[in-house]
Amino acid sequence: MTDIIAGVEIPETSAVVEATEFLRETTNPLIFHHSRRVFLFASLHARAGDLRPDPELLYISAMFHDAGLVIPFSETQQRFELDGADHARKFLLDRGFSESAAEVAWKAIALHTTPGIPSRMEPEVAATNYGVLTDAIGWGMDRLEVDQMDEIVAVHPRGDFKKEFLQAFVDGLKNRPDTTYGTVNADILEHFVPGFHRTSMVERVIDAPWPR
């Protein structure tokens, strides 16, 4: 039977089923439910904004967007967004998706915390960002129907989301603090991690190995 939540149909493909199970098994309930809500909110914003993302690619993007917080892609110290994007790219290519499809999902995930850019890009990239913003900071809630939001949260409960979500960032980034340079992620470490120093662009320019 087709799974429909708040009027949004969950794509019925093997990749969607595998992604759902992969994230359920490798992350935790907080990330799993957040990722599903992101897909649902993203779909509603796309519909309202006359965007036409590929539902399967949008789902994969939403499900993997925070995966890098709990399952780093490699030993390389890189932004958690890139870890999630690399996971999604490999997942799609391993299942026969085209390079172009994998690249769209990669961009949607890699840029999901970057202000101002995703909305100018492919529908999947823009919609993923909108879904993230809605679930994380409440952006665009006034554009959605209350009963739709209530249904989404009933199926995928938030619990103590604010506290647990911020803690997930601390846990996922405290051992790679340098990767937060120039991102909103530095805000979290600055607030919660004693002794963390946010490096500024001013410092980098002044400390550059040029005489003047």
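Just so it is clear, the model here is predicted, and its values are computed rather than measured.

Caption draft 1: Molecular detail of the overall build of the protein. Scanning the protein from N- to C-terminus turns up ten helices and two strands. What you see in the protein, going N to C, is helices and strands ordered as β-β-α-α-α-α-α-α-α-α-α-α. The C-alpha radius of gyration computed for the protein amounts to 18 Å, which stays within 12% of the reference 17 Å derived for 212 residues, consistent with globular compactness. Taking the principal axes of its C-alpha atoms as reference, the protein extends roughly 65 × 35 × 35 Å. Charged side chains of the protein number 20 positive and 33 negative; the gap between the two group centres comes to 5 Å.

Caption draft 2: The packing of aromatic side chains, seen in detail. Tallying each qualifying case throughout the model produces seven aromatic pairs. Seen from their ring centres, Phe 80 and Phe 169 are 5.3 Å apart, and the 85° between their planes marks the pair as edge-to-face. Here the residue Phe 80 occupies a position in helix H4 (residues 80–94), and Phe 169 occupies one in helix H8 (residues 161–173), the gap between them amounting to 89 residues. Look at Phe 80 and you get buried, because its relative accessible area is 0%. Using a relative accessible area of 5% as the deciding quantity, one classes Phe 169 as buried. Plain terms: the ring middles of Tyr 130 and Trp 139 are 5.1 Å apart, the flat faces sit at 20° to each other, and that makes the pair stacked. Given the relative accessible area of 17%, Tyr 130 is considered buried. Trp 139 sits in the partly exposed class, given a relative accessible area of 27%. Put simply, the rings of Phe 80, Phe 161, Phe 165 and Phe 169 pair up and form one aromatic cluster.

Caption draft 3: The pattern of salt bridges, seen in detail. Inspection of every chain in the model, using the stated rule, returns 14 salt bridges. A salt bridge links Glu 81 to Arg 79; the nearest nitrogen and oxygen atoms lie 3.1 Å apart. By relative accessible area, which is 25% here, Arg 79 ends up partly exposed. A salt bridge links Asp 83 to Arg 176, with the nearest nitrogen and oxygen atoms 2.6 Å apart. Residue Asp 83 is found in helix H4, and its partner Arg 176 is found in the loop between H8 and helix H9 (185–192); the two are separated by 93 residues along the sequence. Arg 176 gets classed as buried once you look at its relative accessible area, which sits at 6%. Three or more residues are tied together by salt bridges with common partners; here these are Arg 37, Asp 135 and Arg 158.

Caption draft 4: Here's a closer look at the nonpolar core. Formed by 41 residues in total, the largest nonpolar core has its most connected members in Phe 39, Leu 40, Ile 60, Phe 64, Phe 91, Leu 92 and Ile 152. Listing elements by their share of this core, those giving two or more residues are helix H1 (14–26), helix H2 (29–48), helix H3 (55–64), H4, helix H5 (99–110), helix H6 (123–137) and helix H7 (146–155). The element contributing the most residues to this core is H2, with eight residues. The contacts of Leu 40, once residues within four sequence positions are left out, are Ile 5, Val 8, Ile 10, Ile 152 and His 156.

Definitions and limits used
Per chain, residue numbering runs from 1 following the sequence as it is written. Whole-chain, interface and lining totals are the exception, using all residues; otherwise, since this is a predicted model, local features are given only for residues with pLDDT of at least 70 and side-chain atom pairs are given and counted only at 80 or more. Each side-chain value is derived from all of the structure's non-hydrogen atoms; neither hydrogens nor water enter the calculation. The numbering of helices and of strands both runs from the N terminus, where a helix is a DSSP run of H or I of at least 4 residues and a strand a run of E of at least 2. We compute the radius of gyration from the C-alpha atoms alone; for a globule the expected value is 2.2 Å times N to the 0.38, where N is the number of residues. As used throughout, the charge tally considers Lys and Arg to be positive and Asp and Glu to be negative, leaving His and the chain termini uncounted. Charge coordinates come from a single atom per side chain, which is NZ of Lys, CZ of Arg, CG of Asp or CD of Glu. Within 6.5 Å between ring centres, the rings of Phe, Tyr and Trp (the latter by its six-membered ring) count as paired, and their orientation is classed by plane angle as stacked under 30 degrees, edge-to-face over 60, tilted in between. Each residue is assigned to one of three classes by its accessible area relative to the maximum for its type, calculated with a 1.4 Å probe on protein chains only: buried under 20%, partly exposed between the two thresholds, exposed over 50%. Here, a salt bridge means any side-chain nitrogen of Lys or Arg that lies within 4 Å of a carboxyl oxygen of Asp or Glu. As used in this record, nonpolar core signifies buried Ala, Val, Leu, Ile, Met, Phe, Trp, Tyr and Cys residues forming a set joined through side-chain atoms within 4.5 Å. Any pair of residues with heavy atoms lying within 4.5 Å of one another is described as a contacting pair.

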